[in-house]
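Each chain, letter by letter, is given below.
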Protein chains: 2
Amino acid sequence: MAQIDQALAYLRANEAPFLEEFKELLRIPGISTLPEHQADVLRTADWLADALRRLKMEAVDIIPTGGHPVVYGESLHAEGKPTILIYGHYDVQPPDPLDEWETPPFEPTVRGENIYARGASDMKGQLFALLKALEALQRQGPYPLNIKFLLEGEEEVGSPNLARFIEEHKRLLACDVVLNCDGSILGPDTPSLIYALRGLAYFEVEIRGPKCDLHSGVFGGAVHNPAQVLCDLLAGMHDADGRVTLPGFYDRVIPLEDDERVATAKLPIQAEHFMELAGVKALWGEKGYTAAERVGARPTLEINGLLSGFTGAGSKTVLPAKAMAKVSMRLVPDQQPDEVAEQLRAYLRRHAPETVTWEVRELVHGPGALLDRNSSYTAAALQALRDTFGAEPLLHREGGSIPVVGHMQRILGVDTVLMGFILPDDGMHSPNEKLHLPTQHRAMQTYVRFLTSLT
Amino acid sequence: MAQIDQALAYLRANEAPFLEEFKELLRIPGISTLPEHQADVLRTADWLADALRRLKMEAVDIIPTGGHPVVYGESLHAEGKPTILIYGHYDVQPPDPLDEWETPPFEPTVRGENIYARGASDMKGQLFALLKALEALQRQGPYPLNIKFLLEGEEEVGSPNLARFIEEHKRLLACDVVLNCDGSILGPDTPSLIYALRGLAYFEVEIRGPKCDLHSGVFGGAVHNPAQVLCDLLAGMHDADGRVTLPGFYDRVIPLEDDERVATAKLPIQAEHFMELAGVKALWGEKGYTAAERVGARPTLEINGLLSGFTGAGSKTVLPAKAMAKVSMRLVPDQQPDEVAEQLRAYLRRHAPETVTWEVRELVHGPGALLDRNSSYTAAALQALRDTFGAEPLLHREGGSIPVVGHMQRILGVDTVLMGFILPDDGMHSPNEKLHLPTQHRAMQTYVRFLTSLT
């Protein structure tokens, strides 16, 4: 216990220098989806590899993949103790729309108890908390367990190379449990642990009509407008009850258990929670389910982007040659992304008029996951949260997608403890993303307690 | 008649130097809708004022308006002869999508019998033909009639200041007839004259939902997606018969006369014509009407642009805060743009869900027009076309909008001869816009004949 107390004291004593170091990490614009930021993604990997070396990790390496590289490191000197594989991602989302940021996304700025920057919460802030927890432990003596690091640079683009990387490095990554820091809690004083995740299937749908943009006066009314066709098709993807109309979309959906519905109704994430965070006066969704159920346990379909014709200032009387939508589905067990892709194509085959042609490009695929709520690792995590926050942690489902959790189950045969500390109002993926600094400090403490307690 | 023959000979003798001078005009990127091209719009006005001075026009002036200026000039020495007001516009459409141009839009390039550039046909090529017809006449002696010029720089943004300008300069612009060169013919060997135009009402519709872009996993399924709402609303603006559903949209539409339907059926602009020009395998439109009727005599609604959320390469799992569409209606007599704006708002009030807010911005307004098919000016125009093309010209309706024609009727009380020579495949408003040089030469000849024959 002395090691824990000393580690916690070390964390408390170093808040100020930690913040400066954290800003250094936040300044690197490692946007994985934009080719022009490739060098910045690599710089982030270098920064982390250096950090692992300073933590006395061994075999530290930046391992190439088909896309952005994986950062690896290990410390395997705690004989008879479990081996934990720490998963994280070091890439970030694009910051657009840029003009909505109060301060530039890659110039981290502290206002009140928060620090504002792209990636502050998702997930550089979580990774940084874990690194500092290890630093605090390492200063007190040898690590109390065996540690491996797998830090990827492609999470925000759907981890296209991760499953193959894990397949090809099964031995290197062998472990007893995974700690994934890319998670959230329900509030700064409401510790919680996620036991289910939604999957993701992300597509680009393009409708093509005339061979080039046409004059809307000369052709309007006689040539079918691809933007109109796209709107017709997208509008038809939900019925009046808010259900997705792709053929077979719900066939594989595992219904919510009655006891889960009861537990979900008690969570502090009900209608008001979503309305306040989103800033809307009314909610919407699949009939027969609460908001928490809709985002946690029901599959959904979203339009993530629309582009067609003239979108600049003023007017241009054009009948566009084509129209594009980014469309993605959040999936729940046992929906399969490949099957959903086929359902989307079947819908378009059935409903697209013969006046146009269409194409579906598959961008991201990942299944959902359900985790063991009763393992010793989950128990240790709950205890660490309890000790740090002084409150009983809640178990709940999460609407977002972390495909790696499913990959770890399937390929390495191990469960994941999904313990990150992103707050609901942190604005991840949004302008003015931020991190709550007191919560980050509690994250460091929780990680110290958790890592010390695994036996 | 000697003056005509000498003028025609002059035109033939100067084709090569004319082409070089035309290229000079085409190189100026006078895009009226883009603020960053304001200086280029002014440069075009200067170029034309110089050209008018070289034609011995008097009182040449660049007159400010609320937006881009009007170029004016006059020659009023033909006593007892009619006064013709020559209308044209010197601004051009934006060239995007830029990457679809085979050669840069403002580097005019001759390939075969065509010259490719933004504005080549719409309408610098028409204006230039008229200037050269006047040059040919002026070299042979005094002008055979009185001439005034009104060249505006805002046609491609809907002429927001033109009606007021005409109101405020009624005496300056007083005339017997207007010659508007911003028109088309049905084919290089099919001369034609337009007697009806559609009006235009152009809007930007914005749907706003959450206060910022949200994570589609955390909020997807519970917060109504503005892009989805926009698609629902746009999809609902047409019914299954291709009719516009805005309340009252057809109330003021004057039905086609039976004899017009017979005449329209004989025009060489039937289904195959539209399919070939647009490069589509099937047409679409309002049930019960042919393609020529749909674009000429029926009102239509087009989506000119769509923008929402993430539209870059790759994927971003965002639930957008807002979604925008450019929507425009082509109107036929007696539809009124102001009433259509109210119909659009009524539709949105009725159908927009309470989960979002919406805004309609009015960008361009102009009513349609019906012209006198039996005036002496029309007869003179038909004769000039007949003599030049050696074929009987056709009278027909045009789907595009030229609001100034209505303004001239209403404010100056004069009819317009709408005689331009844009070809159906000239690609105006599209990438690779071009002008057919032999047709431009015939345009010059036709203008010489027409201007000489007015008495």
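Residues numbered from 1 in each chain as written. Chains lettered and ligands numbered in written order. Predicted model: local features only at pLDDT ≥ 70, side-chain atom pairs only at ≥ 80, totals over all residues. Heavy atoms only, no water.

A. Geometry of the interface of chain A and chain B. Between chain A and chain B, the contact holds 91 residues from the first and 92 residues from the second. Three residues, W284(A), L306(A) and K316(A), lead the burial of chain A against chain B; their summed loss comes to 9% of the area buried on that side. Summed over the shared surface of chain A and chain B, the result is 1 salt bridge. E100(B) is the partner of K322(A) in a salt bridge, and the nearest nitrogen-oxygen pair spans 4.0 Å. Looking at the side of chain A that touches chain B element by element, the count peaks at 10 residues for strand β11 (residues 300–309) of chain A. (Contact = heavy atoms within 4.5 Å. Buried area = accessible area lost by both parts, 1.4 Å probe. Salt bridge = Lys/Arg side-chain N within 4 Å of Asp/Glu carboxyl O. Helix = DSSP H or I, 4+ residues; strand = E, 2+ residues; numbered from the N terminus.)

B. Layout of the packing of helix α8 (residues 226–235) of chain A against helix α8 (residues 226–235) of chain B. Two elements in contact, α8(A) and α8(B), have axes whose closest approach is 8 Å; the angle formed by their N-to-C orientations is 115°. Classified by the interaxial angle, the pair formed by α8(A) and α8(B) is roughly perpendicular. Viewed along their axes, α8(A) and α8(B) form a crossing whose handedness is left-handed. In this structure, α8(A) uses C231(A), D232(A), L234(A) and A235(A) to contact α8(B), whose residues at the interface are C231(B), D232(B), L234(B) and A235(B). Classifying every residue of the contact of α8(A) with α8(B) by side-chain character gives 6 nonpolar, no polar and 2 charged. (Axes fitted to C-alpha atoms, helices over the stretch in contact; angles between N-to-C directions. Parallel < 35°, antiparallel > 145°, perpendicular 65-115°, else oblique. Left-handed = near helix turned anticlockwise from the far one by under 90°. Nonpolar A, V, L, I, M, F, W, Y, C, P; charged D, E, K, R; others polar.)

C. The relation of the copies chain A and chain B, seen in detail. Mapping chain A onto chain B calls for a screw motion: a turn of 180° about the axis and a shift of 0.0 Å along it, with 0.0 Å RMSD after fitting. Interpreted geometrically, this transformation is the action of a two-fold axis. Here 100% of the contact residues of chain A are again contact residues in chain B; the copies associate through an equivalent surface. (Least-squares fit on C-alpha atoms with pLDDT ≥ 70 in both.)

D. Broad picture of the sheet that holds strand β14 (residues 357–366) of chain B. Strands sit in the order β14(A)-β9(A)-β13(A)-β11(A)-β11(B)-β13(B)-β9(B)-β14(B) across an open sheet of 8 strands; the sheet is antiparallel. Whereas interior strands pair on both sides, the edge strands pair on one side only; in this sheet they are β14 (357–366) of chain A together with β14 of chain B. The average undirected angle you get between the axes of adjacent strands in this sheet is 20°. The sheet contacts of α8(B) involve β11 of chain A together with β9 (199–208), β11 (300–309) and β13 (322–331) of chain B, and relative to β13(B) the element is tilted by about 15°. (Pairing = 2+ DSSP bridges.)

E. Layout of the sheet that holds strand β1 (residues 58–63) of chain B. All names here are of chain B. The strand order across the open sheet formed by 6 strands is β1-β2-β6-β3-β7-β17, and the pairing between neighbours is mixed. Each end of this open sheet is capped by a strand with a single partner; those strands are β1 and β17 (416–418). Ignoring which end each strand starts from, the neighbouring axes of this sheet average 15° apart. The sheet contact formed by strand β2 (residues 70–75) and strand β6 (residues 146–152) spans 5 bridges and is antiparallel. Bridging across to β6, V71 finds its partner in L151. Its contacts with the sheet put helix α4 (residues 120–140) on β3 (83–89), β6 and β7 (177–180), and the angle it makes with β3 is roughly 145°.

F. Examining unusual backbone geometry more closely. A cis geometry characterises the amide bond from P333(A) onward to D334(A), with omega recorded as 0°. With respect to the helices and strands, the residue D334(A) is situated in the loop between β13 (322–331) and α12 (337–351). One non-glycine residue, H429(A), lies in the positive phi region at around 75°. Position of H429(A) among the secondary structure elements: in the loop between β17 (416–418) and β18 (434–436). Judged by its relative accessible area of 3%, H429(A) falls in the buried class. Positive phi outside glycine occurs at N432(B), with the angle close to 60°. Looking at where N432(B) falls in the secondary structure, it is placed in the loop between β17 and β18 (434–436). (Buried < 20%, exposed > 50% of the residue type's maximum accessible area, 1.4 Å probe, protein only.)

G. Local environment of empty space enclosed by the protein. Within the structure shown, the criterion is met by 9 cavities of 30 Å³ or more. Of the pockets and cavities examined, the largest cavity occupies roughly 290 Å³. H215(A), E155(B), S401(B), I402(B) and H429(B) are, among the 26 residues lining the largest cavity, the residues nearest its centre. Of the residues assigned to the lining of the largest cavity, the class counts are 9 nonpolar, 11 polar and 6 charged. (1 Å grid on protein atoms, 1.4 Å probe; cavity = no way out; pocket = protein on both sides within 12 Å on 5 of 7 lines; lining within 4 Å. Points joined across faces, edges and corners; volume = space filled by probe spheres on them.)

H. Just the side chain of E206(A), in detail. Residue and element names in this part refer to chain A. Take E206: it is sitting in strand β9 (residues 199–208). Within the local environment of E206, its side chain forms a polar contact with the side chain of R208, the two groups lying 2.8 Å apart. Excluding anything up to four places from it in sequence, E206 contacts K322, A323, M324, T357, W358, E359 and R361. (Polar contact = N/O pair within 3.5 Å; in protein donor to acceptor, adjacent residues only side chain to side chain.)

I. Region of the structure containing the pairing of strand β1 (residues 58–63) of chain A. All names here are of chain A. Sheet topology note: the β1/strand β2 (residues 70–75) ladder contains 4 bridges and is antiparallel. In the sheet register, E58 faces β2, and the bridge partner there is E74. The antiparallel pairing of β1 with β2 creates a hairpin that spans 6 residues between the two strands.

J. Representation of the pattern of salt bridges in the model. Counted according to the given criterion, the structure contains 59 salt bridges over all chains. A salt bridge links E167(B) to R410(B); its shortest N-O distance comes to 3.9 Å. Taken together, the residues E167(B) in helix α5 (residues 162–168) and R410(B) in helix α14 (residues 403–412) connect sequence positions 243 residues apart. When its relative accessible area of 55% is taken as the criterion, R410(B) is described as exposed. Here R442(B) makes a salt bridge to D189(B), at a shortest N to O gap of 3.1 Å. Note that R442(B) is positioned in helix α15 (residues 437–453) and D189(B) in the loop between β7 and β8 (192–197), a separation of 253 residues in sequence. For R442(B), a relative accessible area of 23% translates into the label partly exposed. Linked by salt bridges that have partners in common, E204(A), E206(A), R208(A), K326(A), E359(A) and R361(A) make up one network.

K. View of the layout of surface pockets. Volume-wise, the second largest pocket comes out at about 610 Å³. Lining the second largest pocket are 33 residues, and of these F219(A), L277(B), P424(B), D425(B) and D426(B) sit closest to its centre. Going through the elements one at a time, β10 (214–215) and α7 (216–219) of chain A together with α10 (271–278) and β16 (394–398) of chain B are the ones with two or more residues in the lining of the second largest pocket. If one sorts the elements of the lining of the second largest pocket by residue count, α10(B) sits on top with 4 residues. Tallied by class, residues from the lining of the second largest pocket come to 16 nonpolar, 9 polar and 8 charged.

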